[in-house]
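Residue-level structure breakdown
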Amino acid sequence: DTHPEEKKRGITINIGFAYHNISENNYLAFVDVPGHHRFIRNMISGVSGIDYIMLVIAADDGIMPQTREHFRICTLLGIRKGLIVINKIDLADEDTINVVKNEIKELVKNSFLESAPIFEVSSTSHQGIEELKQHLSSQNYHELKSGAENAFRMYIDRSFSVDGFGTVVTGTVTEGLLKNEESLIHLPSNKTVKVRQIQRHDKVVDEALKGTRTAININGIKKTEAKMGDILVKSPLIKTNLL
């Protein structure tokens, strides 16, 4: 990702991001969170804005301790919908896959995922991937987006500098609506920052809505001052509720 060791090994402990274009103005934003329990804080910073989860379990490994941790965290966060994916089916026989399925059913019993569909896929051969994509594209995510009328709030999960622009922060909008040229308050510094530009999936947009992955170019704060877990809000009244 950014450190030499991460680039050398081809892995990172940080949360990862990708998106899938369903139609011209309709995107699925993916947030990939680290699995190891030692990086649980990174995981929480990525999952805080998620409305719909894809719980991925390897066919050759089965349910791991971090799978249970992530599932419990999603339950505590109040996530109501999602699906389950058994990946690496090319590395396991049918009996092994059936054992994993039974483990999964036991894990999600009496939970929000109890009736969730289970997809069997291989990221190498692409078996089952098209069916998974079709299912994801058919979901009504808009019904999960209540809260756009509330005061804007976004937790920062990355910050960096861009030549000619200055500080850029990214995150998933937790509540409310943000428009270009508006002012925000950075917490905990309590500094007022000005929104210079908003991007969504590499495109410049006029506003950022609840539930969307957003990059905001802000003026009035240095990159080193905007850290993972910090918050951007519109109203100073939110500080009382957060601290």
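Keep in mind that what you see is a predicted model, and the values were worked out from it rather than measured. (Residues numbered from 1 in each chain as written. Predicted model: local features only at pLDDT ≥ 70, side-chain atom pairs only at ≥ 80, totals over all residues. Heavy atoms only, no water.)

**Some words on the packing of aromatic side chains**
Evaluated as defined, the whole model comprises 1 aromatic pair. Summarising the aromatic geometry, the rings of Phe71 and Phe112 are spaced 6.0 Å apart at their centres and angled 15 degrees between planes, so their arrangement reads as stacked. Here Phe71 is found in helix H3 (residues 65-76), whereas its partner Phe112 is found in the loop between helix H4 (94-107) and strand E5 (118-120), with 41 residues between them in sequence. Looking at Phe71, the relative accessible area reads 7%, which means it is buried. (Phe/Tyr/Trp six-rings, centres within 6.5 Å; stacked < 30°, edge-to-face > 60°. Helix = DSSP H or I, 4+ residues; strand = E, 2+ residues; numbered from the N terminus. Buried < 20%, exposed > 50% of the residue type's maximum accessible area, 1.4 Å probe, protein only.)

**Describing the confidence of the model for the chain**
In low-pLDDT regions, the fine details of the predicted coordinates are not to be read closely. Here the chain averages 85 in pLDDT, and 85% of its residues register 70 or above. Across the chain, element-level confidence peaks in E5 with a mean pLDDT of 97 and bottoms out in helix H6 (residues 238-242) with 52. (pLDDT = per-residue confidence, 0-100.)

**Some remarks on the nonpolar core**
Side chains of a nonpolar character, in soluble globular proteins, are inclined to be buried together. Grouped together as the largest cluster of nonpolar side chains are 23 residues, with contacts concentrated most on Ile53, Leu55, Ile57, Ile84, Ile104 and Leu113. Listed by contribution, the elements that provide at least two residues to this core are strand E3 (52-58), H3, strand E4 (81-87) and H4. Here this core takes 4 residues from H4, the largest share from any one element. Counting residues in hydrophobic clusters, the runner-up holds 16 residues, among them Val193, Ile198, Ile216 and Ile221. (Core = buried A, V, L, I, M, F, W, Y, C linked by side-chain atoms within 4.5 Å.)

**Concerning the pattern of salt bridges**
Note that side chains of opposite charge can pair when their charged atoms are close. In total, this model carries 7 salt bridges according to the counting rule given. For the salt bridge of Glu175 with Arg153, the shortest nitrogen-to-oxygen distance reads 4.0 Å. One end of the pair, Glu175, is in strand E8 (residues 166-175); the other, Arg153, is in strand E6 (residues 153-155), and 22 residues separate them in sequence. You can call Arg153 buried: its relative accessible area is 19%. (Salt bridge = Lys/Arg side-chain N within 4 Å of Asp/Glu carboxyl O.)

**Things to note about the environment of Leu113**
Mapped onto the fold, Leu113 is located in the loop between H4 and E5. The exposure class of Leu113 is buried, given its relative accessible area of 0%. Linking Leu113 and Ile53, residues 60 residues apart in sequence, is a C-alpha distance of 9.5 Å. For Leu113, the contacting residues outside a window of four places in its chain are Ile53, Leu55, Phe71, Gly82, Leu83, Ile84 and Val108. (Contact = heavy atoms within 4.5 Å.)

**Comments concerning the sheet that holds E4**
What the 3 strands build is an open sheet, ordered E3-E4-E5; its pairing is parallel. Two strands lie at the open edges of the sheet, namely E3 and E5, each paired on one side alone. Taking each pair of neighbouring strands and ignoring which way they run, the sheet shows an average axis angle of 25 degrees. As paired strands, E3 and E4 are joined by 7 bridges and run parallel to one another. (Pairing = 2+ DSSP bridges. Axes fitted to C-alpha atoms, helices over the stretch in contact; angles between N-to-C directions.)

**What about unusual backbone geometry?**
A cis amide bond links Leu187 to the next residue, Pro188, at an omega of 20 degrees. Relative to the assigned elements, Pro188 resides in the loop between strand E10 (183-187) and strand E11 (191-200). Its identity is not glycine, yet His126 carries a phi of approximately 70 degrees, on the positive side. Mapped onto the fold, His126 is located in the loop between E5 and helix H5 (129-138). Looking at His126, the relative accessible area reads 54%, which means it is exposed. With a phi close to 55 degrees, His201 is a non-glycine residue in the positive phi region. Following the sequence through the fold, His201 ends up in the loop between E11 and strand E12 (203-205). The class of His201 is buried, set by a relative accessible area of 11%.

**Topic: the pairing of E8**
In summary, the side chains of a regular strand alternate between the two faces of the sheet. A large share of E8 lies buried, amounting to 9 of its 10 residues. By the bridge criterion, 2 bridges tie E6 to E8 in an arrangement that is antiparallel. Bridge assignment links Arg153 to a residue of E8, and that residue is Glu175. From the end of strand E7 (residues 158-162) to the start of E8, which pair antiparallel, there are 3 residues, and Gly164 there has a positive phi angle of about 90 degrees.

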